[in-house]
Amino acid sequence: MSNIIAWFSQSRIRSFVKLSTKKQNKIKTEIDLKFADQKQILDSRLSYAKDSARKADRLLSRGKKDKAKEAVNTFKLDLVSSQPVMNAYVSTSLEKHLLEVISMEGFEFPDLLEDIRKDIDFGLFSVNASNELDAIIKTEVDPFSELGIEL
Amino acid sequence: MSRPIYDRLAKMPKKKLDKLEYDHQQHLVRFMTAKEGKAEEIQSMEKKYSRLKDKASEEIKVSIPRVLGTAMEMRQIKAELLISRSILALLRSNQFYHRFMVMLIQDTKAGVEYDPDKAKNLIPLEFSELISGSIVSTNMDGVLSELKSEIDSSIGGE
């Protein structure tokens, strides 16, 4: 079966190539703004989480175990709340970078390669629906388990 | 697959072939430069991730809460790495396409016979790490392996 690269088969992405430079730039500017907003929110959530972790560490070193536990719980909450933002950020970032590459002179969709070999890995571009992307991000972007930390 | 392209090229006058070769050469250089830039970016992110991992390994000996903040940073870098590696694959595919076209044009000009396996044979050289050490298929477990099986079965792969 051809066209397994989910992102490249989207009509929105395919039609972008045919647009005038002016229209392309307009779409890119919109994506850039969305990306900047999401990054700001994500950074802020991560900053909250890091603050909670530092607080928990400080409290623990002072022997305040219960309060430290509360701070760790806050951290967990920050972590969970950052996940959907992270997913949205990754999706927008992918689109932003994809449009930048598409705008490069001489760009070709990898249809030719896809016809020849089915096993080339185009990473996140091969991921279809947003829930699949979420699942990958959740699993792949989990240094906690890598460090042996069970939250 | 590339036979129609070859046939089209074979009918072109030399002057047109020269122009086409020049254009593909320019595109090749452009995508090669972009790919190298992206690869450097990835390398620098990987170094940063590795430094943070070392830091986390030290912190974890002292206290778990201390390491959580570092793990958060690692998480963000991992996400950026996934994105950048996906973009790298796309840049590399474009580099391959233009390199392949330059070769095909040069073959046509030199009167070399059409070889249907040429592209197939070139791909493993150019894409070895994208085929064997894939981007999202490494270290997969749980939902990811299920997803991989789904993708594999839908494309009729292994």
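Residues numbered from 1 in each chain as written. Chains lettered and ligands numbered in written order. Predicted model: local features only at pLDDT ≥ 70, side-chain atom pairs only at ≥ 80, totals over all residues. Heavy atoms only, no water.

Notes on the overall build of chain A
Right, on to step 1. When helices and strands are tallied, chain A shows 6 helices and 0 strands.
Right, on to step 2. Expected size for 151 residues packed as a compact globule is a radius of gyration near 15 Å; at 20 Å, chain A overshoots this value by more than 25%.
Right, on to step 3. Projected onto its principal axes, the C-alpha coordinates of chain A cover approximately 65 × 35 × 20 Å.
Right, on to step 4. A total of 151 residues make up chain A; the buried ones form 45% of that total.
Right, on to step 5. Residue pairs at least 24 apart in sequence account for 75% of intrachain contacts in chain A once pairs closer than 6 positions are excluded.
Right, on to step 6. As displayed, chain A offers around 8,000 Å² of accessible surface, 51% of which is attributable to carbon and sulfur atoms. (Helix = DSSP H or I, 4+ residues; strand = E, 2+ residues; numbered from the N terminus. Rg over C-alpha atoms; globule rule 2.2 N^0.38 Å. Buried < 20%, exposed > 50% of the residue type's maximum accessible area, 1.4 Å probe, protein only. Contact = heavy atoms within 4.5 Å. Areas by Shrake-Rupley, 256 points an atom, 1.4 Å probe, with all protein chains shown as cover.)

Some points on the environment of Met104 of chain A
Right, on to step 1. As for its placement among the helices and strands, Met104 of chain A is situated in the loop between helix 3 (65–102) and helix 4 (111–116).
Right, on to step 2. Placed 33 residues apart in sequence, Met104 of chain A and Ile137 of chain A show a C-alpha to C-alpha distance of 28 Å.
Right, on to step 3. Every residue in contact with Met104 of chain A, bar those within four places of it in the chain, is listed here: Arg30, Phe31, Ala34 and Leu91 of chain B.

A few points about the environment of Ile13 of chain A
All names here are of chain A.
Right, on to step 1. Considering the arrangement of structural elements, one finds Ile13 in helix 1 (residues 11–16).
Right, on to step 2. Residues Ile13 and Ile31 lie 18 residues apart in sequence; the distance between their C-alpha atoms is 13 Å.
Right, on to step 3. Excluding its chain neighbours within four sequence positions, the residues that come into contact with Ile13 are Trp7, Leu98, Leu99, Ile102 and Phe109.

Observations regarding a positive patch on the surface
Right, on to step 1. A grouping of Lys55, Arg58, Arg62, Lys64 and Lys67 of chain A is seen on the molecular surface, where their side chains present a positively charged patch.
Right, on to step 2. In this structure, Lys67 of chain A sits in helix 3. (Patch = residues over 30% accessible without salt bridge, like charges linked within 9 Å, V, L, I, M, F, W, Y side chains within 5 Å. Salt bridge = Lys/Arg side-chain N within 4 Å of Asp/Glu carboxyl O. Lys, Arg positive; Asp, Glu negative; His and termini not counted. Charge placed at Lys NZ, Arg CZ, Asp CG, Glu CD.)

A look at the side chain of Lys38 of chain B
Right, on to step 1. With respect to the helices and strands, the residue Lys38 of chain B is situated in helix 2 (residues 14–62).
Right, on to step 2. Excluding its chain neighbours within four sequence positions, the residues that come into contact with Lys38 of chain B are His97 of chain A together with Ser84, Ile87, Leu88 and Leu91 of chain B.

What to know about the packing of helix 2 of chain B against helix 3 (residues 64–110) of chain B
Residues and elements named next belong to chain B.
Right, on to step 1. The N-to-C vectors of helix 2 and helix 3 enclose an angle of 160°; their axes lie 7 Å apart at closest approach. Looking at the two axes, helix 2 sits roughly antiparallel to helix 3. Helix-helix and strand crossings are classified by hand; for helix 2 and helix 3 the assignment is left-handed.
Right, on to step 2. Class assignment for the residues of the contact of helix 2 with helix 3 results in 26 nonpolar, 10 polar and 19 charged. (Axes fitted to C-alpha atoms, helices over the stretch in contact; angles between N-to-C directions. Parallel < 35°, antiparallel > 145°, perpendicular 65-115°, else oblique. Left-handed = near helix turned anticlockwise from the far one by under 90°. Nonpolar A, V, L, I, M, F, W, Y, C, P; charged D, E, K, R; others polar.)

Focus on the side chain of Ser84 of chain B
Residue and element names in this part refer to chain B.
Right, on to step 1. Tracing the backbone through its elements, the reader meets Ser84 in helix 3.
Right, on to step 2. Residue class for Ser84 comes out buried when judged on its relative accessible area of 5%.
Right, on to step 3. If we skip the residues at most four places from it in the chain, Ser84 touches Lys38, Glu41, Ile42 and Met45.

What to know about the packing of aromatic side chains
Residues and elements named next belong to chain A.
Right, on to step 1. A full pass over the atoms with the stated rule returns 7 aromatic pairs over all chains.
Right, on to step 2. With a centroid separation of 6.0 Å and an interplanar angle of 75°, the aromatic rings of Trp7 and Phe125 are classed as edge-to-face. Here Phe125 lies in the loop between helix 4 and helix 5 (130–140) and Trp7 lies in the segment before helix 1, a separation of 118 residues in the sequence. You'll find Trp7 and Phe125 in the same group, each marked buried.
Right, on to step 3. A connected cluster of aromatic rings, assembled from ring pairs, spans Trp7, Phe8, Phe107, Phe109, Phe122 and Phe125.
Right, on to step 4. For the cation-ring pair, Lys96 lies above Phe35, with the distance from its terminal atom to the ring centre recorded as 5.1 Å. (Phe/Tyr/Trp six-rings, centres within 6.5 Å; stacked < 30°, edge-to-face > 60°. Lys NZ or Arg CZ within 6 Å of the ring centre and 35° of its normal.)

Details of the pattern of salt bridges
Right, on to step 1. Inspection of the entire model under this criterion finds 17 salt bridges over all chains.
Right, on to step 2. Here Lys39 of chain A and Asp43 of chain A are joined by a salt bridge, their closest N and O atoms 3.4 Å apart. Residue Lys39 of chain A and its partner Asp43 of chain A are both found in helix 2 (residues 21–61); the two are separated by 4 residues, about one turn of the helix.
Right, on to step 3. Overall, Lys39 of chain A belongs to the partly exposed group, its relative accessible area being 28%.
Right, on to step 4. Ionic contacts of the salt-bridge type, sharing partners, join the residues Lys14, Asp18, Glu21 and Lys109 of chain B into one network.

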